[in-house]
Amino acid sequence: MKRVVITGMGIVSPVGTGIEYAWKNIVNGVSGVRKIDTFDASDLTSQIAGLPIIGTEPGQYNPDAVVDVREQRKMDKSIVYGVVAADEAIRDAGLIDYDGDKNRMGVSIGAGIGGLNTIYDNCVELYANGPRHISPFFIPKVIINMTAGHVSIRYGLKGPNISVVTACASAAHSIGEAVRLIQHGDADIMVAGGAEGAVGKIGVAGFCAMKALSTRNDAPEKASRPWDKDRDGFVMAEGAGILVLEEYEHAVARGAKIYAEVAGYGLSGDAYHITAPAPGGEGGMRAMQAALKDAGMQPGDVDYINAHGTSTGLGDLGELSAVQTLFAGTNVSMSSTKSMTGHLLGAAGGVEAIFCVMAIRDGIVPPTINLENPEDAVGDFDLVPNVAKQRPVNVALSNSFGFGGTNASLVIKRFEK
């Protein structure tokens, strides 16, 4: 089987735009959750979100530096997030001036919801002013595969072009399917991950109606608190996480720097409930087992798990139970970086795969912040409370689980020739 390595990464997130800026804040336990200031949320029960900070300073989100303002008008903000993150990843991989076979380079960028705010805005316009006021770019802005489409067109990538839509597992599945395309010889390089921009009136109101979101509006930075008894729901967030995946021999031949290797990919279905996980996290555990089998590894080989860990009761405890069962007797550490970023929905798996790579690179396990009053079930299990931990990380596992009972796990390991 062909080996697949990671040669580039790019990120737009509530904790920073650019992998080094975002990673520095993650290691330092900095929360990117704040009061919503992009629309009037005063009549919503949840008025907080994880939002990229817009600006021109290093680490801030400056889309105008990457995408022409006129082009942005043709894109939903989720697409712009994806293009900005993909641009960083492609430059990081040294592929901007690459003169190789573009027919062997593809794109796999997913989303969970896609152009939700564009749909909302055009519906309001339709009912207020009639069909003549609908934007001609409405449909191209809301189709979920358009992030992959824009990246493909922008960089001339003519290989496989796909988008996986599996709720909050979308980015992880997009990465895993891209890995398989390379392994099966359909591409040499894949630009893969997820992008999401669903923090808007309709999206927040929808999750509020489910009573799924934290209402800790007076202390946003304390709102996302996985495995803590005082949690009251998850925090919506938006951004993008994109990786450049490359066949090992191809990467070596062009002299690419190699961050890490994607060693395993597993997926499963709960077949249980539209929003709740299967009891004991059974479905997620099978995805982890499948990923380890694909990697040819045992649970004891894993040093760090980046949990799905959204800060919801059923989800947190189900995943914890599954991990405690599968990794019993090992020295694994697990944390939820969603405690700092919030939940980026369909982009979460891309962002969190990047954090796994950085943990391997630097030998630092990110903390779970706001873990002040752990659930009794936590016991002495290492959830890296509040402060990052230095420890060697040779193998990391990233979990992403979604509504509808869809699960994905990725095994990422230190690169060795």
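Keep in mind that what you see is a predicted model, and the values were worked out from it rather than measured. (Residues numbered from 1 in each chain as written. Predicted model: local features only at pLDDT ≥ 70, side-chain atom pairs only at ≥ 80, totals over all residues. Heavy atoms only, no water.)

Visitor: How should the overall build of the protein chain be read in this particular structure?
Guide: Scanning the protein chain from terminus to terminus reveals 13 helices and 15 strands. Expected size for 417 residues packed as a compact globule is a radius of gyration near 22 Å; at 20 Å, the protein chain falls within 12% of this value. With the principal axes as the frame, the protein chain shows a C-alpha extent of 65 × 55 × 45 Å. Counting over 417 residues, the protein chain shows a buried share of 61%. The contacts of the protein chain with a sequence gap of at least 6 include a subset with a gap of at least 24, amounting to 78%. Charged side chains in the protein chain number 35 positive and 46 negative. The centres of these two groups are separated by 3 Å. (Helix = DSSP H or I, 4+ residues; strand = E, 2+ residues; numbered from the N terminus. Rg over C-alpha atoms; globule rule 2.2 N^0.38 Å. Buried < 20%, exposed > 50% of the residue type's maximum accessible area, 1.4 Å probe, protein only. Contact = heavy atoms within 4.5 Å. Lys, Arg positive; Asp, Glu negative; His and termini not counted. Charge placed at Lys NZ, Arg CZ, Asp CG, Glu CD.)

Visitor: What exactly am I supposed to notice about the nonpolar core here?
Guide: A general feature of soluble globular proteins is that nonpolar side chains tend to end up buried together. Counting 50 residues, the largest nonpolar core has Ile-6, Met-9 and Leu-245 as the members making the most contacts within it. Per-element tally for this core: the top contributor is helix H13 (residues 348-362), with 10 residues. Contact partners of Leu-245, with chain neighbours within four places excluded, come to Val-4, Val-5, Ile-6, Ile-175, Ala-178, Val-179, Ile-182, Asp-188, Ile-189, Met-190, Ala-192 and Val-262. Ranked by size, the runner-up nonpolar core spans 29 residues in total, among them Ile-79, Leu-95, Ile-242 and Val-244. (Core = buried A, V, L, I, M, F, W, Y, C linked by side-chain atoms within 4.5 Å.)

Visitor: Please clarify how the side chain of Asp-382 should be interpreted in this entry.
Guide: Here Asp-382 lies in the loop between strand S12 (364-365) and strand S13 (389-390). In contact with Asp-382, other than residues within four places in its own chain, are Val-332, Ser-333, Met-334 and Lys-389.

Visitor: Before we go on, may I ask you to explain the packing of helix H4 (residues 116-129) against helix H8 (residues 201-209) in this structure?
Guide: Packed helices, taken two at a time, are described by the angle their axes make and the gap between the axes. One can describe the packing of H4 onto H8 by two numbers: an axis separation of 8 Å at closest approach and a directional angle of 105°. The orientation of H4 with respect to H8, classified from their angle, is roughly perpendicular. Two secondary-structure elements touch here, H4 through Leu-116, Asn-117 and Tyr-120 and H8 through Lys-201, Ile-202 and Gly-203. Looking at the contact of H4 with H8 residue by residue, the class counts come to 3 nonpolar, 2 polar and 1 charged. (Axes fitted to C-alpha atoms, helices over the stretch in contact; angles between N-to-C directions. Parallel < 35°, antiparallel > 145°, perpendicular 65-115°, else oblique. Nonpolar A, V, L, I, M, F, W, Y, C, P; charged D, E, K, R; others polar.)

Visitor: What is the right way to read the packing of aromatic side chains from this model?
Guide: Both the distance between ring centres and the angle between the ring planes are used here to describe each pair of aromatic rings. As enumerated under the stated definition, the model contains 5 aromatic pairs in all. Among the aromatic side chains, those forming a connected cluster through ring pairs are Phe-207, Phe-234 and Phe-403. The ring of Tyr-248 is capped by Arg-3, whose NZ or CZ atom sits 4.5 Å from the centre of that ring. Residue placement shows Arg-254 over the ring face of Tyr-98; its charged tip is 5.9 Å from the ring centre. (Phe/Tyr/Trp six-rings, centres within 6.5 Å; stacked < 30°, edge-to-face > 60°. Lys NZ or Arg CZ within 6 Å of the ring centre and 35° of its normal.)

Visitor: Looking at this structure, I do not really get unusual backbone geometry. What am I missing?
Guide: Both trends apply: most residues other than glycine have a negative phi, and most peptide bonds are in trans. At Ser-311, a position not held by glycine, the phi torsion is positive, near 85°. On the secondary structure map, Ser-311 appears in the loop between strand S10 (304-306) and helix H11 (313-326). For Asn-386, which is not glycine, the phi dihedral falls at a positive 70°. The topology assignment puts Asn-386 in the loop between S12 and S13. Judged by relative accessible area, which is 34%, Asn-386 ranks as partly exposed.

Visitor: Would you mind going over the packing of helix H1 (residues 19-27) against H13 with me for this structure?
Guide: One way to put it is that H1 packs onto H13 with a least axis distance of 11 Å and a crossing angle of 75°. In terms of orientation, H1 and H13 fall into the roughly perpendicular class. Taken together, the residues of H13 that come into contact with H1 (itself represented by Ile-19, Glu-20, Ala-22, Trp-23 and Ile-26) are Ile-354, Phe-355, Met-358, Ala-359, Arg-361 and Asp-362. Grouping the amino acids of the contact of H1 with H13 by side-chain chemistry returns 8 nonpolar, no polar and 3 charged.

Visitor: Please explain the pattern of salt bridges as it appears in this structure.
Guide: Two side chains with opposite charge may pair up if their charged atoms get near one another. Counted according to the given criterion, the structure contains 22 salt bridges. In this structure, Arg-70 engages Asp-68 in a salt bridge whose closest nitrogen and oxygen atoms are separated by 3.1 Å. On the accessibility criterion, Arg-70 (57% relative accessible area) is exposed. One network of salt bridges, in which partners are shared, links Lys-222, Arg-225, Asp-228 and Glu-372. (Salt bridge = Lys/Arg side-chain N within 4 Å of Asp/Glu carboxyl O.)

Visitor: What is the right way to read a nonpolar patch on the surface from this model?
Guide: A cluster of nonpolar side chains, namely Tyr-120, Val-124 and Ile-202, defines an oily patch on the protein surface of about 230 Å² accessible area. Within the element layout of this structure, Val-124 appears in helix H4. (Patch = residues over 30% accessible without salt bridge, like charges linked within 9 Å, V, L, I, M, F, W, Y side chains within 5 Å. Areas by Shrake-Rupley, 256 points an atom, 1.4 Å probe, with all protein chains shown as cover.)

Read these as spatial facts, not as claims about activity.
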